[in-house]
Structures are given as structure tokens and as C-alpha cells.
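A closer look at the structure
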Amino acid sequence: MAAGVAAWLPFARAAAIGWMPVANLPMPVAPTEKSKRQDELIILNVSGRRFQTWRNTLDRYPDTLLGSSEKEFFYNEETKEYFFDRDPDVFRSVLNFYRTGKLHYPRYECISSYDEELAFFGIVPEIIGDCCYEEYKDRKRENAERLMDDQEDNKDAKLPNMTFRETMWRAFENPHTSTMALVFYYVTGFFIAVSVITNVVETVPCGSAPNQKEVPCGERYTVAFFCMDTACVMIFTVEYLMRLFAAPSRYRFMRSVMSIIDVVAILPYYIGLVMTDNEDVSGAFVTLRVFRVFRIFKFSRHSQGLRILGYTLKSCASELGFLLFSLTMAIIIFATVMFYAEKGSSSSKFTSIPASFWYTIVTMTTLGYGDMVPKTIAGKIFGSICSLSGVLVIALPVPVIVSNFSRIYHQNQRADKRRAQKKARLARIRISKTGSSNAFLHSKRNGLFNEALELTSSTEEEQRLSKSTSLLESQHHHLLHCLEKTTVSNHEFVDEQYYQQSYLDAGLQNYPSRSPSLSSQDGMTGTCCTRRSKKHHTPLPNASAATHMQPLTHTHTHQQGLQELSTIHIQPLSTSRSSLNMRVDEPAPLNCQSSQITTAIISIPTPPVTTPEGDAHLPAGPAHQNVVKVSAL
Amino acid sequence: MKSRSQDQSLTDSRELDRSYDPLTGSVADDSELSTVCYRPEGIDRLVQQTNFSKKELQVLYRGFKNECPSGAVNEETFKNIYSQFFPQGDSSMYAHFLFEAFDTQNNGAVNFEDFVISLSIILRGSVTDKLNWAFNLYDLNKDGCITREEMTDIMHSIYDMMGKYTYPSMKDSAPKDHVDSFFQKMDRNNDGVVTIEEFLETCQKDDNIMQSMHMFDNVI
């Protein structure tokens, strides 16, 4: 049921008394209101701004948040008001909807924030009043187009497995995807230019022998021009066939405008080849050569401005149609008038009405060649009226076309700009994302460090460290940690780059030797720390130093069940692998008191189904059997 | 310049016939609708005239003023409201009759006083008052008796509100049959009209009707 009509329901129900005497059957029982509340004022506190309204006002729309019992979730017992942590400005429009029954869209509001608020309060945007609906829809469409543009750009991203055909098609559509495409692009452009210039130069009169009249270059150097033409047409044919082959939907490609232009550009040549030098047909043959000029339209693949112009003309079709129609009307009127006005004068050029068309067109477009001029007074008067009206008729639709062109052109500019900015944006987003994953790994190390510190009891550093992570972060990290623990064989999060690096290098390093000292089978090592993993962290001079550290330890495990050591990757600035190996073989001075450089912990990968025994002894160390952790600090 | 629909070009041709002023958008030869604003008399007077309490009148007026800021409802609004409550059928005729019943001053608009006085009769009046009001509703020319034609009109309007999508499907003679049964019940002296006395007498004897008179008492 629509909006404010709910307010009339009591009246309609009361007026139903009118049916009662007429009714034959007993009436159904009326629904009773459980609590007959007096209408009361309720306070809606939206981010501090208090709105007050009658409860009945809100009850008008029972399928929204404020009208239903859903608002009870937001009731604050202490202050006896409903608190919503939302935008108070948009809430104004929402509340006005309840009051007046009309939802308005404020123009200064961002469309997506408005949509979100509406969604929160359970109001369907379709009921926006007519006064604001158009604006709302326009903004929404713009936004959607922008999103679609972004998505389309995403599609350009290279898919890992593209068939040769798809690669070729992509190369054709976007020349900057590969060098080959770019070369092809420029070559075709060059040949189009050559072909067009050839056509033009063909008709220029070259020098002639003294006793002959001037001949155009085309006839003088027939062979050369023919070769040039052949070369161009061959290139165009090859290009067309390649595009046809690569097109994802051949049928659709063949119907597209560009392909038709391609065909029209090369067809005259082939027809000319087929036709003989017959006298009758050569007239048609000459006509066909005109079509060669269509090759210039092939440039529209190369120029975006040209495409925009074409698109503008297409979108302004109605304006152009109107222009044409009004011009035709005016031409006919004025031609008739001029013809009859000039009929009297002798030697008048206005021999018939169609002959006067030429005069009218030339005058209305203010060309004024002067090959036909009126001589009578009446003719001159009407001629001047004709030229004045011509100016008006042409000037009217032109700004519409111009504004259309400008709008489309700017849209394109904006799209290009957005695309350029997007790369920078994505890079920044990626940095912040890796920052957060770095933070996790960093905090893990800090967690271990904290345990080490507990034993070293250096409280100041502990406090410093604990300050650096907020509660939210620490809970997030704990969650990630739990996920790590859940996985079989304790997979760990690592940095993306290192993962990729190690994946590539994995085949290269296989340390066959087994580290004797830190075999996992040995169980506990007799250290005061009672850990299988011997980890020590250098005392951080200050918390921020953590960020300067080589961010990640990278592990990559070979799940091959062989007793191989995992590869170890460390930031190249720190110790080399060989030196690490050396360190491994050292009997690590497991002096918890000392703060030494960490040693590598290498454990032998065992088959995945193992119970991590002694896990209880590892408070936080994720060093299970098949994990190598190196922290190079 | 988007392509204009037929309607738009047709309406704009009115400009050429000089009956339509495109600048103000008003139709020239219609009388100007003055923006009248009705204000009801004081709330205390209304409390005296009706059986509503002050608070109830406040609630009623707030709803009324919200829907009709000008202070008076016209027949169009009535029809609109009813068409929204009864979307399946055509309720315009019934809304018209109802409007006539509410418009006690016969000035084409129902202001708040008319509205609230009628509501007071319907909701807070005695059964006799309610029956009187119903009789007044049926009596289209307000001459004190209901003729068969009047009743037929009323009946048709009620059945029109139902619309044609009913189960079992509506027979064309259903209104007429209903009118016949009504007259059979009400018309004691078989003179072809139902007077107020006959009406009251019959209704007071019918338990169903008496019970249903009280059904909407707690609407406000």
C-alpha cells in the first residue's frame, strides 16, 4: 500500500459502517490492537543530532527499519532514545519521507552514501519523488558507468592462459599490449596514409611532353601506381583476414562498421582485376575507384577523436535529422518563392524550381557563390529573407551537436585519466595490503620476542612493543595465527614476493645434508628455553626498528617426504646461505640471557600426518617439523 | 532533444490552437483554482460538537492536515484514497457517494469539521445515529427515503469495488439480486421505497447488523 494512504485507513475503516446494513453475512472479527498506546513523541538520536517525531509518523511505513520493531535494537535504555550511528544529514531526508510521504534526493549528497543510508533504513529508492527521481537516476547511471569502466579495464589484464587467437585479437584491439601489436598498428597506419596519398597524387597532372596535353600522373606512371595499389591492398587484405580469424565472434565482426569499411576499401581493386578493359564497363569501373577513398575511414581505428566524432554524430542523429528536415522545408519554400519572383525578369537563371534549389542552398548556408543572383526587386527582398532565415535555421541545432560532442569527449578524457590514475591507486592499495600482512608477521616475531623477553625480563622493551599494536591488530593477528595452527603441517603466511621467488628457486637449492644438531627427532634440546626451535631475537633498539628489519622470513617447504632441507631465503643484505649453513652446524649457544643473532632452525620435513609432539612446550613458536624459519635480524 | 512521444507532440500542438499557455502551464479558459486554506474553528468548540476527546482531535487533525495541507479534501482525493485501498475494482462511484455523505454543507469540499463530525457519529455515536448516517449515505437525493434506483446505484458501486476477479465469479445479476433481497427485508409496507423508520426498525431487529455496528468503534 502506498505512502500516506496509511493515514487514511482509520477513516476508510470507519466509513465501512456504510456496508453493514446491506450485508447479509456476519462480518469477520476485527483485529485488536494489543496495546492501545497513546501517540507519543519519540526521540531519534542520529550521531548526536536529536530528531523528534510522533510514533505514529514512523508507523506509517511498517516495512522499514524505523516503522517496524527493528528499531528496538537501537533503543538506549539510559537515555530513553533511539541511537543511530549514521549520517544526520541524510537522515533528514529519511525522516522527511515519513513525515511527508515523499522521499527527496539532495543534490549535494554522494549517490553511494545516500544509497547506503537508504539501504540501512530499509527504504526502497524507487519511491523517490518525481521531482528528484531523474537526478537520482542520472547520478546512479554515471556511477555505474564509472564502475563498469573500471571493470572493463580489469578485463584488459592479461589472462595467464590465452589462446593464440585471443592474444591476436587483444593485440588488434589494444595496440599497446605488445610490441608486435604496436608495430602492426603503425605499419597499417602508414599504409593507409600511403594508399590515400597515392589516390590523391594519381590525379595530379604531371609534366607532359611538349606536344601532348597534360596527363595526370596516374596515366603516366601506370605501372608504379598499380604496384603501390597492389601492395596496399595486399596489406589490407591480410589485415582483414587476420582480424576475421582472430575475432571471437566472426559473424558479429563481419557486421561491424569497421569491417564493412575494410571490405569496401579493398573490394574495388579486386573487382577491377576481374573486370576486363571493356569500354562499357569502364565507366562503372571508374565509379568504383571512388570507393577507394573509403580507406581513409580506416584511420578511425587509429584515432580516438575520429571515433568520438562518429559516435557523436550517431547520438545526435535526431538533431541532425531535424536540421535536415527543416532545411529541406525552407529550401523548397524559398526556391518556389524565388522562382516565381524571378519569373518575370528576362535572362533569369531561375529556370525552374529545382534550379532555384541551388540558389537557396547557397544563400541559406551563407556561401553566396554569385552564379545565380536575383534581379527583380521582389526577388532581392525574398533573397535577403532567405539568407537571414538560413543563418537561424543552421545556428539552432549546431550547439546541441557541439555540446553532445563536448560531453562525450570529456567523458573519454576522464576515462583515460581514471585509467592512468588507477595504476597508481592500485599500487598504493597493494602497499597498504602488504603492510598489513607484514604487520602480522612482524607481530608474530614480536610475540616470540616477548616470550624471550619474559625470560630476560626486560620490561621497558616489552612495553614499547606492546604499544605498537592496537587491540584490533593483535586480535587480527591472533586469528591469523590460529588459522596457521589449524592447517595440517602448520602452513604459515609468508610474503608474496618471497613466495614467488622461492617457488622459482625451489628447484635450484636442495641441501642434501641434514643438520645434525637440530633434528626434530631428538625432541627437546636441553636448553633452558626448552624449545625445539631455537629462536632468539636481537633486542630491538626500539620498536620502530622492526620496520627496518628485513621484513620477512620466507619459508618454502618441500613436501617430498625426503629428508631435504627446505630452501632458505633471506634478504640478500644479510647473511648468505653458506654462512647460514655454517651457523646451523655450530652448536648454537642457547643462552637465553644473551641476545644473539638468531640461528637457522632446520627441521626435517616428515610426512604430513604427524602429531606435533612437544607442542605444548612451544608457547608460541610455530616451528613444527617441516617448517624452516629463519629470521635474519 | 530526445525523440518525443506522440503524446508530447500532440499536447504541444495545443500551443498552436492558443488554448494553452506554455509559460504558466495553465489552461486558459478554466477558472483559476484559488488556493483556499480552510481553518477549523477552535479545538474546544469541536470537542463540544463531537464525542472525541481533545487528544483524539489533535491526532485526527495532525493526520488530516498532513494529507491535506489546504485544510479541505476534495472528491478527487477521496477517489484516490479509495482506489488505493481497493485496487482490484473501481471504487470511484462509492467514493463519490461517500463524499456526498461527508459533505454536509454541500460545497464540494470536506473540511475538518465535516470530517470529524461525521467520524464522531460513526465511531462515537449511538447505534441509532450510526444507522441514521448509513441511511443518509444510501439516500442519494436526501429526500428521506431510499428508492430502488438509489439502492441499485449504491449496490452497483459496492460490487464495482470488488472488481471482477472474484471467486465464485460475479454474476451480472448479483447486485440486482442483492437489491431485491434488501428491499424484501426492509420494505415493510411494500411501497417500493424504504423510509427511515422501516430502516431503523428492521436493522434493530437484525442481530448481525447490530453487532457489526460496533465493529469499528476502536478505530481511532
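Residues numbered from 1 in each chain as written. Chains lettered and ligands numbered in written order. Predicted model: local features only at pLDDT ≥ 70, side-chain atom pairs only at ≥ 80, totals over all residues. Heavy atoms only, no water.

Moving on: the overall build of chain A. Secondary structure assignment for chain A yields 22 helices and 6 strands. For chain A, the exposed surface amounts to about 37,000 Å²; the carbon and sulfur share of it is 62%. (Helix = DSSP H or I, 4+ residues; strand = E, 2+ residues; numbered from the N terminus. Areas by Shrake-Rupley, 256 points an atom, 1.4 Å probe, with all protein chains shown as cover.)

Right, let's get into the overall build of chain B. For chain B, the count of helices and strands is 11 helices and 4 strands. When each of the 220 residues of chain B is scored for burial, the buried share is 38%. Restricting the contact set of chain B to residue pairs at least 6 apart, pairs at least 24 apart contribute 57%. About 12,700 Å² of surface is accessible on chain B, with carbon and sulfur atoms providing 50% of the total. (Buried < 20%, exposed > 50% of the residue type's maximum accessible area, 1.4 Å probe, protein only. Contact = heavy atoms within 4.5 Å.)

What follows is about the pattern of salt bridges. Residues and elements named next belong to chain A. A complete count under the given rule lists 24 salt bridges over all chains for this structure. The salt bridge involving K140 is made with D115; its shortest N-O contact spans 3.8 Å. Here K140 is found in helix α5 (residues 130–155), whereas its partner D115 is found in helix α4 (residues 111–120), with 25 residues between them in sequence. Exposure remark for K140: the relative accessible area of 32% places this residue in the partly exposed category. When the shortest N-O distance is used, the salt bridge between R139 and E135 registers 3.6 Å. (Salt bridge = Lys/Arg side-chain N within 4 Å of Asp/Glu carboxyl O.)

With that out of the way, let us pick up the nonpolar core. Ranked by internal contacts, the top residues of the largest apolar core, which has 65 residues, are F11(A), L98(B), M151(B) and F199(B). Residues contacting F199(B), with those up to four places away along its chain left out, are P21(A), L131(B), A134(B), F135(B), Y138(B), F182(B), M186(B) and V194(B). (Core = buried A, V, L, I, M, F, W, Y, C linked by side-chain atoms within 4.5 Å.)

Moving on to the UniProt feature "transmembrane region" (unreviewed entry) in chain A. Residue and element names in this part refer to chain A. The feature "transmembrane region" (unreviewed entry), as given by UniProt, occupies residues 221–241, 253–275, 320–341, 353–369 and 381–402 in the numbering adopted here. Taken end to end, residues 253–275 comprises 91% helix and 0% strand; its first and last C-alpha atoms sit 29 Å apart. End C-alpha to end C-alpha, residues 381–402 measures 33 Å, and it is 95% helix and 0% strand. (UniProt positions renumbered as here; feature names shortened; annotations may be inferred.)

So, on to the environment of Q38(A). Residue and element names in this part refer to chain A. Looking at where Q38 falls in the secondary structure, it is placed in the loop between α1 (9–15) and β1 (41–46). By relative accessible area, which is 55% here, Q38 ends up exposed. When the C-alpha positions of Q38 and R55 are compared, they lie 9.3 Å apart, and in sequence the two are 17 residues distant.

It is worth spelling out the packing of aromatic side chains at this point. Residue and element names in this part refer to chain A. Per the counting criterion, the structure on display carries 50 aromatic pairs over all chains. Both rings, one in F120 and one in F121, keep their centres 4.9 Å apart while their planes meet at 85°; by these two values the pair is edge-to-face. By relative accessible area, F120 is classed as partly exposed at 26%. Residue classification places F121 among the buried positions, given a relative accessible area of 0%. Its end group placed over the ring of F120, R86 keeps NZ or CZ at 4.0 Å from the ring centre. Over the ring of F236 we find K298, and its NZ or CZ is 4.6 Å from the ring centre. (Phe/Tyr/Trp six-rings, centres within 6.5 Å; stacked < 30°, edge-to-face > 60°. Lys NZ or Arg CZ within 6 Å of the ring centre and 35° of its normal.)

Moving on: the interface of chain B and chain A. By a widely used convention, the size of an interface equals the accessible area lost when the partners come together. With 48 residues of chain B at the contact, the number on the chain A side is 37 residues. Contact between chain B and chain A buries roughly 3,600 Å² in total, counting both sides, with carbon and sulfur atoms accounting for 69%. Connecting chain B to chain A are 0 salt bridges. Of the residues contributing to the side of chain B that touches chain A, the split by class is 36 nonpolar, 7 polar and 5 charged. (Buried area = accessible area lost by both parts, 1.4 Å probe. Nonpolar A, V, L, I, M, F, W, Y, C, P; charged D, E, K, R; others polar.)

The next subject is the confidence of the model for chain B. All names here are of chain B. Looking at chain B as a whole, its pLDDT mean stands at 81, while 84% of the residues score no less than 70. Contacts from residues 28–32, a stretch scored under 50 in pLDDT, to residues over four places away or in other chains number 1 contact. Reported for the predicted complex are a pTM of 0.53 and an ipTM of 0.79. (pLDDT = per-residue confidence, 0-100.)

Residues and elements named next belong to chain B. Between helix α3 (residues 54–67) and helix α6 (residues 112–124), the shortest axis-to-axis distance is 11 Å and the interhelical angle comes to 130°. It follows that α3 is oblique to α6 by the angle criterion. With respect to the hand of their crossing, α3 and α6 are arranged in right-handed fashion. Where α3 abuts α6, its residues E56, L57, L60, Y61 and F64 lie against F112, F115, V116, L119 and R124. Here the contact of α3 with α6 is built from residues that sort into 8 nonpolar, no polar and 2 charged. (Axes fitted to C-alpha atoms, helices over the stretch in contact; angles between N-to-C directions. Parallel < 35°, antiparallel > 145°, perpendicular 65-115°, else oblique. Left-handed = near helix turned anticlockwise from the far one by under 90°.)

Okay, a nonpolar patch on the surface next. Residue and element names in this part refer to chain A. On the surface, a nonpolar cluster with roughly 540 Å² of combined accessible area is contributed by F226, L267, Y270, I271, L273 and V274. No other element matches the 5 residues that helix α11 (residues 257–274) contributes to the nonpolar patch. By secondary structure assignment, the location of V274 is in helix α11. By relative accessible area, which is 68% here, V274 ends up exposed. (Patch = residues over 30% accessible without salt bridge, like charges linked within 9 Å, V, L, I, M, F, W, Y side chains within 5 Å.)

Moving on: the sheet that holds strand β3 (residues 75–76) of chain A. Residue and element names in this part refer to chain A. Reading across from one edge, β2-β1-β4-β3 is the order of the 4 strands in this open sheet, with mixed pairing throughout. Two strands close off the open sheet at either side, each with one partner strand: β2 (49–54) and β3. Relative to strand β4 (residues 81–84), β3 runs antiparallel, the two sharing 2 bridges. Directly across from Y75, in β4, lies its bridge partner Y82. (Pairing = 2+ DSSP bridges.)

Residue and element names in this part refer to chain A. With 6 bridges connecting them, β1 and β2 associate as antiparallel partners. By the bridge assignment for β2, I42 is matched with T53. Here β1 folds back onto β2, and the loop between the two strands holds 2 residues, one of which, S47, carries a positive phi near 50°. Relative to β4, β1 runs parallel, the two being bridged by 3 bridges. In the strand pairing of β4, L44 is matched with Y82.

Right, let's talk about helix α9 (residues 222–246) of chain A for a bit. Along an α-helix, a turn takes 3.6 residues, which lines up residues three or four apart on a common side. All names here are of chain A. An ideal rise of 1.5 Å per residue puts 36 Å on 25 residues; α9 measures up with 36 Å between its terminal C-alpha atoms. All buried positions along α9 are accounted for by F225, D229, C232, V233, F236, T237, E239, Y240, R243, L244 and A246. On its buried face, α9 sits against α6 (164–173), α7 (179–202), α8 (217–220), α10 (250–255) and α11. (Expected span 1.5 Å × (residues − 1).)

A few words on the confidence of the model for chain A. Confidence in the prediction of chain A, expressed as mean pLDDT, is 74, and 68% of residues score 70 or more. Averaged pLDDT values for the elements of chain A fall to 38 in helix α21 (residues 545–548) of chain A and rise to 93 in helix α15 (residues 353–364) of chain A.

Bringing the environment of I401(A) into the picture now. All names here are of chain A. Mapped onto the elements, I401 comes out in helix α17 (residues 397–456). Distance from I401 to E319, taken between C-alpha atoms, is 7.2 Å for residues 82 residues apart in sequence. In this view, I401 contacts T312, C316, E319 and L320; residues no more than four positions away in its chain are not counted.

On to unusual backbone geometry, then. In this model, N106(B) sits at a positive phi of 55°, which is unusual for a non-glycine residue. Assignment of secondary structure puts N106(B) in the loop between α5 (92–102) and β2 (109–111).

Now for the environment of S303(A). Residues and elements named next belong to chain A. Note on placement: S303 falls in the loop between α12 (279–290) and α13 (304–315). Judged by relative accessible area, which is 29%, S303 ranks as partly exposed. At a separation of 3.4 Å, a polar atom in the side chain of S303 contacts the main-chain amide nitrogen of G305. (Polar contact = N/O pair within 3.5 Å; in protein donor to acceptor, adjacent residues only side chain to side chain.)

Before going further, it helps to examine the packing of helix α9 (residues 174–186) of chain B against helix α10 (residues 196–205) of chain B. All names here are of chain B. The geometry of α9 relative to α10 is characterised by a closest axis approach of 9 Å and an angle of 90° between their N-to-C directions. For the element pair α9 / α10, the angle class is roughly perpendicular. Side by side, α9 and α10 meet where F182, K185 and M186 of the first sit next to E198, F199, T202 and C203 of the second.

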